[in-house]
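This is what each chain is made of:
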Amino acid sequence: ISLSGEIEQRFSQASLHFDRTLFTVAGEYAVKDYLNVGAGFRTLVLQDRESRPHVRYRIHADATGFHAFSSTELSLRLRFQYGFEDILYIGYFSQNNFISRQRLKVSHHIFGTRIGVLASVENWIRFNDPYGRPFFKIRFTTGAQYNLSMHSRIGIRYIFEHEFNRVYPTQYHILALSYSYRF
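Predicted model, so just to flag it, every value in this text is computed and none were measured.

J.: Hey, could you run me through the packing of aromatic side chains in this one?
T.: Per the counting criterion, the structure on display carries 9 aromatic pairs. Here Tyr 57 and Phe 84 contribute two aromatic rings whose centre-to-centre distance is 5.9 Å and whose plane-to-plane angle is 25 degrees, an arrangement assigned as stacked. Highlighted residues: Tyr 57 in strand β4 (residues 53-69) and Phe 84 in strand β5 (residues 72-84), separated in sequence by 27 residues. Comparing Tyr 57 with Phe 84, the two get one shared label, buried. Residues Tyr 181 and Phe 183 carry aromatic rings whose centres are separated by 5.0 Å and whose planes lie at 70 degrees to one another, so their mutual orientation is edge-to-face. Judged by relative accessible area, Tyr 181 falls into the partly exposed class, the value being 32%. Positioned above the aromatic ring of Trp 124, the side-chain terminus of Arg 101 is 4.1 Å from the ring centre. Of note, Lys 137 hangs over the ring of Trp 124, and the distance from its end group to the ring centre comes to 4.1 Å.

Structure below.
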């Protein structure tokens, strides 16, 4: 069993605009040599168009299968997450806050260094969509991380998100900076 905490800052609009700050606490358990299960809680501080902060929360449960080839690892993660706005009131499932996310990721540790690189693709499926369009977003990510110690690391990622099955789909270019610590 392992516990981790992560702080992440995201910027959008060519990295000039504060997008959100994320605080995540998660636990993970190795069921098999190739399968982990986990759960976590995330607090998000978002900024709206008028630059006012808003707080949101998410809980999630994961199952991640992986296979390593020398310094390269291929993983497939299935995540179920539920988002809500008030810590004391979890809304109804009909508000489209229940999401399934599937991520395929390849990561590579550069031999003899503390540096790793990664790339992933992830789709988002919304349950209880009133219009019958459950697939609504895809995310492409690339990045690098530097291991400060056996327990902590910093990272930088570029995220491209594209919405679809909407009248006016949006595209997001996001720069994410993170620090994580694993107990």
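J.: Please clarify how a nonpolar patch on the surface should be interpreted in this entry.
T.: Taken together, the side chains of Leu 3, Ile 110, Ile 115, Val 117, Tyr 146, Leu 148, Ile 154, Tyr 179, Tyr 181 and Phe 183 define a hydrophobic patch exposed on the protein surface, amounting to about 850 Å² of accessible area. Summarising the element assignment, Phe 183 is placed in the segment after β10 (171-182). Residue class for Phe 183 comes out exposed when judged on its relative accessible area of 63%.

J.: Could you clarify how one ought to interpret the pairing of strand β7 (residues 115-126) in this entry?
T.: Consecutive residues of a regular strand have side chains that alternate between opposite faces of the sheet. The pairing of strand β6 (residues 98-109) with β7 spans 11 bridges and is classified as antiparallel. Its bridge partner lying in β7, Ile 99 is registered against Arg 126. In textbook terms, the turn of a hairpin is the stretch between consecutive antiparallel strands, and for β6 and β7 this stretch comprises 5 residues, one of which, Gly 112, has a positive phi near 80 degrees. Across 11 bridges, the pairing between β7 and strand β8 (residues 135-147) is antiparallel. Bridging across to β8, Ile 125 finds its partner in Phe 135.

J.: In this structure, what is going on with the side chain of Arg 79? I would like to understand it.
T.: Inspection of the secondary structure puts Arg 79 in strand β5. The buried category is assigned to Arg 79, whose relative accessible area is 9%. Within polar-contact distance, the side chain of Arg 79 engages the side chain of Asp 62 at 2.7 Å.

Parameters at a glance
Residues numbered from 1 in each chain as written. Predicted model: local features only at pLDDT ≥ 70, side-chain atom pairs only at ≥ 80, totals over all residues. Heavy atoms only, no water. Phe/Tyr/Trp six-rings, centres within 6.5 Å; stacked < 30°, edge-to-face > 60°. Helix = DSSP H or I, 4+ residues; strand = E, 2+ residues; numbered from the N terminus. Buried < 20%, exposed > 50% of the residue type's maximum accessible area, 1.4 Å probe, protein only. Lys NZ or Arg CZ within 6 Å of the ring centre and 35° of its normal. Patch = residues over 30% accessible without salt bridge, like charges linked within 9 Å, V, L, I, M, F, W, Y side chains within 5 Å. Areas by Shrake-Rupley, 256 points an atom, 1.4 Å probe, with all protein chains shown as cover. Salt bridge = Lys/Arg side-chain N within 4 Å of Asp/Glu carboxyl O. Pairing = 2+ DSSP bridges. Polar contact = N/O pair within 3.5 Å; in protein donor to acceptor, adjacent residues only side chain to side chain.

These values are about where atoms sit, not about what they do.
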